[in-house]
Amino acid sequence: MKIQQIRNATLKISYAGKIFLIDPYLQGKNKFGSFADIPGKPFLTADNVKNQIPAPICELPMSAEKILENVDFYLLTHIHPDHIDMNFADGTVGALLDKKIPILAQDENDAAILKKSDFGNVKILSEDSIQIDKIKITKTPALHGKIEPMCNACGAIFQAEGEKTLYIAGDTIWFDGVKKTLKKFNPDVVVLNACAAEFLKFGRLIMNDEDVDCVRQTLPDAKIFITHMDNMPHATITRQEMRGLLAKRGIEKYFMPKDGETVEF
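Description of the structure in this document. (Residues numbered from 1 in each chain as written. Predicted model: local features only at pLDDT ≥ 70, side-chain atom pairs only at ≥ 80, totals over all residues. Heavy atoms only, no water.)

Notes on the overall build of the protein chain
In step 1: A tally of regular secondary structure across the protein chain gives 6 helices and 17 strands.
In step 2: In terms of overall size, the protein chain behaves like a compact globule, its C-alpha atoms giving a radius of gyration of 17 Å where 265 residues would be expected to give roughly 18 Å.
In step 3: In terms of overall dimensions, the protein chain has C-alpha extents of about 45 × 45 × 35 Å along its principal axes.
In step 4: Across the 265 residues of the protein chain, 56% fall into the buried class.
In step 5: For the protein chain, restricting intrachain contacts to residue pairs at least 6 apart in sequence, the fraction spanning at least 24 positions comes to 62%. (Helix = DSSP H or I, 4+ residues; strand = E, 2+ residues; numbered from the N terminus. Rg over C-alpha atoms; globule rule 2.2 N^0.38 Å. Buried < 20%, exposed > 50% of the residue type's maximum accessible area, 1.4 Å probe, protein only. Contact = heavy atoms within 4.5 Å.)

Here's what the structure looks like:
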């Protein structure tokens, strides 16, 4: 498999002959605006400076057209404005995406929004797995908030003959559901969203260095791929800081590529 870090949680994954675009967030730099601009201000951090910073912070590492080349499937772990482009005026999503390409959604609620947004082929993930050509994809649990979950979210296990097992944890903190997934599937490659993003109401939303360490201790032989870094104002750990924090924990073997870089497993 090959995993290309695009930006934030957006990944382009080549797996068993198919190309998946994970959480396809393709807006240009600063196009979303700031958290303070969102009607009703539902997403605020404790730092008012961060609330004023327009997102996304970084430009895409290549054109959206290049990113979308040869994609066979989209996979959306949940509908949030840093995982898919959102139009708050009419509630539609994914304006830059090819609506004819199949998209995998976590549940019926997300599927309804995608269908309203003119996606013509929406498939729903399942804890009992779905089959995509030779690939079995299994929906896995996620806990997207330490105080309370912001919304439902999910991860996914990819399995195929001749390929390493891949676990995309999605937007989640470390909790028993992640631990059980690791022990049940014993994935070879684990993708972790780990900038420790926080909002006042929900607390920490995704993993931090301690959570990464919990994954490593649970499955020490897995290759860890760290993503969802350096792009959103509510992040509390940068790539540079993560390297230092993991070094203090004695963690040296992991992948945290720059935007645009590809890792092959």
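A few points about a nonpolar patch on the surface
In step 1: A cluster of nonpolar side chains, namely Val49, Ile53 and Ile57, defines an oily patch on the protein surface of about 220 Å² accessible area.
In step 2: For Ile53, the position within the fold is in the loop between helix H1 (48-52) and helix H2 (64-68).
In step 3: Note on Ile53: relative accessible area 31%, which makes it partly exposed. (Patch = residues over 30% accessible without salt bridge, like charges linked within 9 Å, V, L, I, M, F, W, Y side chains within 5 Å. Areas by Shrake-Rupley, 256 points an atom, 1.4 Å probe, with all protein chains shown as cover. Salt bridge = Lys/Arg side-chain N within 4 Å of Asp/Glu carboxyl O.)

Remarks on the state of the cysteines
In step 1: Applying the stated rule across the entire model yields 0 disulfides.
In step 2: Left unpaired, Cys214 is separated from the closest cysteine sulfur, that of Cys195, by 17 Å. (Disulfide = S-S within 2.5 Å.)

Some points on the environment of Glu108
In step 1: Inspection of the secondary structure assignment puts Glu108 in helix H3 (residues 108-116).
In step 2: Each C-alpha atom of the pair Glu108 and Asp98 lies 21 Å from the other, and the pair is 10 residues apart in sequence.

Brief notes about the pairing of strand S13 (residues 189-193)
Consecutive side chains of a regular strand alternate in pointing toward one face of the sheet and then the other.
In step 1: For S13, the buried fraction is high: 5 of the 5 residues fall into the buried class.
In step 2: Because side chains alternate across S13, one face comprises the buried residues Val189, Val191 and Asn193, and the other comprises Val190 and Leu192, equally buried.
In step 3: Where strand S12 (residues 166-168) and S13 come together, 3 bridges link them in parallel fashion. Residue Leu166 lies in a different strand from S13, and its bridge partner there is Val189. (Pairing = 2+ DSSP bridges.)

Let's talk about H3
In step 1: Burial in H3 covers these residues: Asp110, Ala111 and Leu114. In a view along the axis of H3, the buried residues occupy a sector of 100 degrees, so they form one face of it. Along H3, the residues that are exposed and aim more than 90 degrees away from the buried face are Glu108, Asn109 and Lys116.
In step 2: Immediately downstream of H3, the backbone of Asp118 shows phi near 80 degrees, a positive value. (Arc of directions from axis to C-beta.)

Some words on unusual backbone geometry
In step 1: Each neighbour pair has its own omega, and for Ala55 with Pro56 the value is -10 degrees, a cis peptide bond.
In step 2: Residue Asp23 is not a glycine yet carries a positive backbone phi of 45 degrees.
In step 3: Residue placement: Asp23 occurs in the loop between strand S3 (18-22) and H1.
In step 4: For Asp118, which is not a glycine, the phi torsion comes out positive at approximately 80 degrees.
In step 5: Along the chain, Asp118 turns up in the loop between H3 and strand S8 (122-124).

What about the nonpolar core?
Among soluble globular proteins, nonpolar side chains are generally buried collectively.
In step 1: In this structure, Leu182, Leu192, Val215, Ile226 and Met242 are the most contacted members of the largest nonpolar core, which totals 40 residues.
In step 2: Broken down by secondary-structure element, the contributors of at least two residues to this core are helix H4 (176-185), S13, helix H5 (209-218), strand S16 (223-227) and helix H6 (239-248).
In step 3: The element contributing the most residues to this core is H4, with 3 residues.
In step 4: By size, the runner-up hydrophobic cluster in this structure holds 26 residues, among which are Tyr15, Leu125, Ile132 and Cys154. (Core = buried A, V, L, I, M, F, W, Y, C linked by side-chain atoms within 4.5 Å.)

Observations regarding the packing of aromatic side chains
Ring pairs (aromatic) are described by centroid distance and by the angle formed between their planes.
In step 1: Counted according to the given criterion, the structure contains 8 aromatic pairs.
In step 2: Aromatic side chains Phe35 and Phe199 sit 5.1 Å apart centroid to centroid with 80 degrees between the ring planes, which places their arrangement in the edge-to-face category. Taken as a pair, Phe35 in the loop between S3 and H1 and Phe199 in strand S14 (residues 198-199) lie far apart in primary sequence, 164 residues in all.
In step 3: When its relative accessible area of 4% is taken as the criterion, Phe35 is described as buried.
In step 4: Between Phe43 and Phe199 the ring centres are 5.5 Å apart and the planes differ by 25 degrees, which places this aromatic pair in the stacked class. Taken as a pair, Phe43 in the loop between S3 and H1 and Phe199 in strand S14 lie far apart in primary sequence, 156 residues in all.
In step 5: Each member of the aromatic cluster is reached from another via a ring pair, and the members are Tyr15, Phe20, Phe73 and Phe158. (Phe/Tyr/Trp six-rings, centres within 6.5 Å; stacked < 30°, edge-to-face > 60°.)

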